[in-house]
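Spelled out, the chains give:
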Amino acid sequence: MTDKPTVIAIFGVTGDLARRKLIPSLYSNFIKGRLPQRLHIVGVGRRDWTDETLINHARQSLRNYAAAIYDERAWELFRQTLSYSKVNLPQPETYKTLRDDLNALDGGCCNRLYYLSIAPEFYADVIRNLGALDMAREDAGGRADAAPPWRRIVIEKPFGYDLTTAQSLNRVVHSVFKESQVYRIDHYLGKETAQNILFMRFANTIFEPIWNRSHISNVQVTVAESVDVGTRAGYYDSSGVMRDMMQNHLLQLLSLIAMEPPSAFDADALRDEKVKVLQAARPIKLADTVRGQYDGYRAAEGVASDSATPTFAALKLYIDNWRWKDIPFYLRSGKAIGQKTTQVNIQFKRPPNSIFELTESGDYSRNMLSICIQPDEGIHLTIEAKIPDQPIAKSVDMELHYKNAFTADNLPDAYERLILDAINGDAQLFIRSDEIESAWTIVDPVIEGWQCDPGAPPMQTYAAGSWGPAAADELLEREEHVWRVSCLHEKASCNDSTPLNPPDRSGGSKAAQLE
Ligand code: BG6
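All figures in this text were calculated on a predicted structure; none of them were measured in a lab.

Chemist: How do you make sense of unusual backbone geometry when you look at a structure like this?
Modeler: That bond from Lys-157 to Pro-158 is cis: its omega, 0°, falls within 30 degrees of zero. In this model, Glu-480 sits at a positive phi of 55°, which is unusual for a non-glycine residue. Counting through the fold element by element, Glu-480 comes out in the loop between helix 14 (470-477) and helix 15 (508-514).

Chemist: Is there a simple way to explain the side chain of Asn-248 in this structure?
Modeler: Residue placement: Asn-248 occurs in helix 9 (residues 240-258). Ignoring any residue separated from it by four or fewer positions in sequence, one finds Asn-248 in contact with Lys-157, Asp-186 and Arg-243.

Chemist: Is there a simple way to explain the side chain of Ser-85 in this structure?
Modeler: Looking at where Ser-85 falls in the secondary structure, it is placed in strand 3 (residues 82-86). On the basis of relative accessibility, which here comes to 2%, the residue Ser-85 falls in the buried class. Beyond its immediate chain neighbours, meaning those up to four positions away, Ser-85 contacts Val-42, Gly-43, Val-44, Gly-45, Thr-97, Leu-98 and Asp-101.

Chemist: Would you take a moment to explain the sheet that holds strand 16 (residues 430-431) for this structure?
Modeler: Hydrogen bonds between backbone groups are what pair the strands of a sheet, and the pairing can be parallel or antiparallel. Spatial strand order, 3-2-1-4-5-6-16: seven strands in an open sheet with mixed pairing. Each having just a single partner strand, strand 3 and strand 16 make up the two edges of the open sheet.

Chemist: Looking at this structure, I do not really get the packing of aromatic side chains. What am I missing?
Modeler: To describe a pair of aromatic rings, you give the distance between the ring centres and the angle between the ring planes. Tallied over the full model, the rule gives 18 aromatic pairs. Measuring from centroid to centroid gives 5.0 Å for Tyr-183 and Phe-430, while their planes differ by 85°, and the two rings are edge-to-face. Of this pair, Tyr-183 sits in strand 6 (residues 182-185) while Phe-430 is found in strand 16, placing the two residues 247 residues apart along the sequence. Seen from their ring centres, Tyr-294 and Tyr-462 are 6.3 Å apart, and the 75° between their planes marks the pair as edge-to-face. Taken together, the residues span a long stretch of sequence, with Tyr-294 in strand 8 (residues 289-294) and Tyr-462 in strand 17 (residues 460-462) at a distance of 168 residues. A relative accessible area of 6% means that Tyr-294 is categorised as buried. Through successive ring pairs, a cluster of aromatic residues spans Tyr-27, Phe-30, Tyr-70, Trp-75 and Phe-78. Over the ring of Phe-159 we find Arg-184, and its NZ or CZ is 4.9 Å from the ring centre. Here the basic side chain of Arg-243 rests over the ring of Tyr-161, its NZ or CZ set 3.7 Å away from the ring centre.

Chemist: Sorry, what's going on with the environment of Gly-455 here?
Modeler: The topology assignment puts Gly-455 in the loop between helix 13 (433-452) and strand 17. Along the primary structure Gly-455 and Glu-477 are separated by 22 residues, whereas in three dimensions their C-alpha atoms are 21 Å apart.

Chemist: Mind showing me how you'd approach the state of the cysteines here?
Modeler: Every disulfide links exactly two cysteines, by a covalent bond between their sulfur atoms. Counted under the stated rule, the structure contains one disulfide. Linked covalently through their sulfurs, Cys-372 and Cys-487 form a disulfide whose S-S length is 1.9 Å. Looking along the S-S bond of the Cys-372-Cys-487 disulfide, the torsion reads about -75°, which is the left-handed sense. Here the residue Cys-372 occupies a position in strand 13 (residues 368-374), and Cys-487 occupies one in the loop between helix 14 and helix 15, the gap between them amounting to 115 residues. Each member of the pair Cys-372 and Cys-487 is classed as buried.

Chemist: Just checking my understanding: could you explain the site of the ligand for this structure?
Modeler: Every residue close to the ligand is listed here: Lys-157, His-187, Tyr-188, Lys-191, Glu-225, Arg-232, Asp-244, Met-245, His-249, Lys-335, Lys-340 and Gln-374. A distance of 2.6 Å separates an oxygen atom of the ligand from a polar atom in the side chain of Lys-191. Separating an oxygen atom of the ligand from a side-chain N or O atom of Asp-244 is a distance of 2.6 Å. Considering the ligand on its own, with 400 Å² of exposed area, one finds that the protein chains cover 79% of that surface. Top element by residues in the shell around the ligand is helix 9. It accounts for three residues.

Chemist: Looking at this structure, I do not really get the pattern of salt bridges. What am I missing?
Modeler: Any two side chains of opposite charge can pair if their charged atoms end up close together. Counting across every chain of the model gives 31 salt bridges. Close ionic contact of Arg-432 with Asp-268 constitutes a salt bridge, the shortest N to O distance being 3.4 Å. Within this pair, whereas Arg-432 is found in the loop between strand 16 and helix 13, its partner Asp-268 is found in helix 10 (residues 267-279), the two being separated by 164 residues in sequence. A salt bridge links Lys-316 to Glu-479; the nearest nitrogen and oxygen atoms lie 2.3 Å apart. Taken together, the residues span a long stretch of sequence, with Lys-316 in strand 9 (residues 312-317) and Glu-479 in the loop between helix 14 and helix 15 at a distance of 163 residues. By relative accessible area, Lys-316 is classed as buried at 7%. A relative accessible area of 28% means that Glu-479 is categorised as partly exposed.

Chemist: Please clarify how the nonpolar core should be interpreted in this entry.
Modeler: In this structure, Phe-11, Leu-317 and Ile-346 are the most contacted members of the largest nonpolar core, which totals 151 residues. At 11 residues, helix 9 tops the list of elements feeding residues into this core. Those residues in contact with Leu-317, other than ones at most four positions away along the chain, are Leu-251, Leu-254, Ala-281, Ile-284, Ile-327, Pro-328, Phe-329, Leu-331 and Ile-442.

Chemist: Teacher, can you tell me more about the packing of helix 9 against helix 10 here?
Modeler: Each pair of packed helices can be summarised by the angle the axes make with each other and by the distance between the axes. Remark: helix 9 packs on helix 10, axes separated minimally by 9 Å, with the N-to-C direction vectors making an angle of 110°. One element, helix 9, and the other, helix 10, form an angle in the roughly perpendicular class. Across from Leu-251, Gln-252, Ser-255, Leu-256 and Ala-258 in helix 9, the residues of helix 10 making contact are Lys-274, Val-277 and Leu-278. Of the residues that constitute the contact of helix 9 with helix 10, the class distribution is five nonpolar, two polar and one charged.

Reading guide: rules and limits
Residues numbered from 1 in each chain as written. Predicted model: local features only at pLDDT ≥ 70, side-chain atom pairs only at ≥ 80, totals over all residues. Heavy atoms only, no water. Helix = DSSP H or I, 4+ residues; strand = E, 2+ residues; numbered from the N terminus. Contact = heavy atoms within 4.5 Å. Buried < 20%, exposed > 50% of the residue type's maximum accessible area, 1.4 Å probe, protein only. Pairing = 2+ DSSP bridges. Phe/Tyr/Trp six-rings, centres within 6.5 Å; stacked < 30°, edge-to-face > 60°. Lys NZ or Arg CZ within 6 Å of the ring centre and 35° of its normal. Disulfide = S-S within 2.5 Å. Near = heavy atom within 4 Å. Polar contact = N/O pair within 3.5 Å; in protein donor to acceptor, adjacent residues only side chain to side chain. Areas by Shrake-Rupley, 256 points an atom, 1.4 Å probe, with all protein chains shown as cover. Salt bridge = Lys/Arg side-chain N within 4 Å of Asp/Glu carboxyl O. Core = buried A, V, L, I, M, F, W, Y, C linked by side-chain atoms within 4.5 Å. Axes fitted to C-alpha atoms, helices over the stretch in contact; angles between N-to-C directions. Parallel < 35°, antiparallel > 145°, perpendicular 65-115°, else oblique. Nonpolar A, V, L, I, M, F, W, Y, C, P; charged D, E, K, R; others polar.

Structure follows, in structure tokens:
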């Protein structure tokens, strides 16, 4: 941990993300003693707040979102790190006050992390305005006899609206910051279980030999959310599931699963391999896509009554390289699904010859490795086992649950890890410019095709509380595959794709036969 004074300037400190995630994550790191000792957190916003307003706001945020770790004595220390600076984001002249405020903290030789937690339309303005006042220069303000202070910027998603806007934002970013100063966030990469994908694959020997097209039948990534668009309709209706989830979270999970072993556990080696996966993605055929809207979406406040924005998408994608050629990767995500779950299911091929009698289906189930990203974080391995006292086999799960295997009471929030990494200069869990652009290259043609191609699959509707439209099942049935879910212990049984709200679609039993 550095003993150099460090400033974290949170642009958009009055907003929702700062209240729910950033302030609690900073506080949690603070009480764990993980932040630099000489720390200043400067809230930056348009409102006429004072330091005192920010302090009250921060305290309320901790009481609401970090109640379990809130402690009066720690708070008294934490509050002393907080101050507020008013900036009108698009107006360059207002940054002089910010610059002076920051320079006043330890003579301007602090390390600085600028955190953009603001509406994306202001990203370019803020970056240009910081640049105009030399606030990104790492050689500015340091003492000649000491290591120069660093300047870093964290940029929240969405990074761009499509490939063109992402490229143009990257150009603005690079006109002010070097790529090594830039930390583009995808909070899914900060989730413990997403980080564990690399440990599971590359800290063990048993997976890698079978992690390829010879042994794997198909890979499924499911990111199901039980929430609907709620109060975010204004943003969501102009984005939809492809931009909100697929371009970032699902493609990031996919690249962790599909990447080649990196030569080192460092930011460049890892991101080199991730980007190769994205660049090897075969253009997705529109026929291999499904889009859906949950019933009632168009009636939500802030949503156009004729909205064509999908709240659900399912895709089939191929990675054209030696490891994965012709192995389908199925990705699906939706809002208003019956249960919140994020999981990656790797389905292996069946044994070539069946010599045992089997229960239920006429064939072996596929072995499946399930990476349960959230909730009930863990790993399940579905295997065929002999039923005691009967000469027949049945699928059972070997299960690792984080809550049993590790002593930590609660897993740290993704933001806790990511903020710390940005302060420590570790960019492994952040997205590089070429990764962002490659991801847009994958999803853009699908979004465009849905809007403009008369042959595109039509918008489906689905019942809130279901697993999405039936067409998503049909997408897999064409190859005699079926969506499989594991990691669910309350509402649905393992390896059962039965919708939570039957009977609106064909379901589990048919699916089980196919598999
Ligand atoms: C965000 C999306 O990036 O991720 C939201 O903008 C979504 O729409 C959220 O709800 C899901 O994150 P998590 O961590 O709750 O799975």
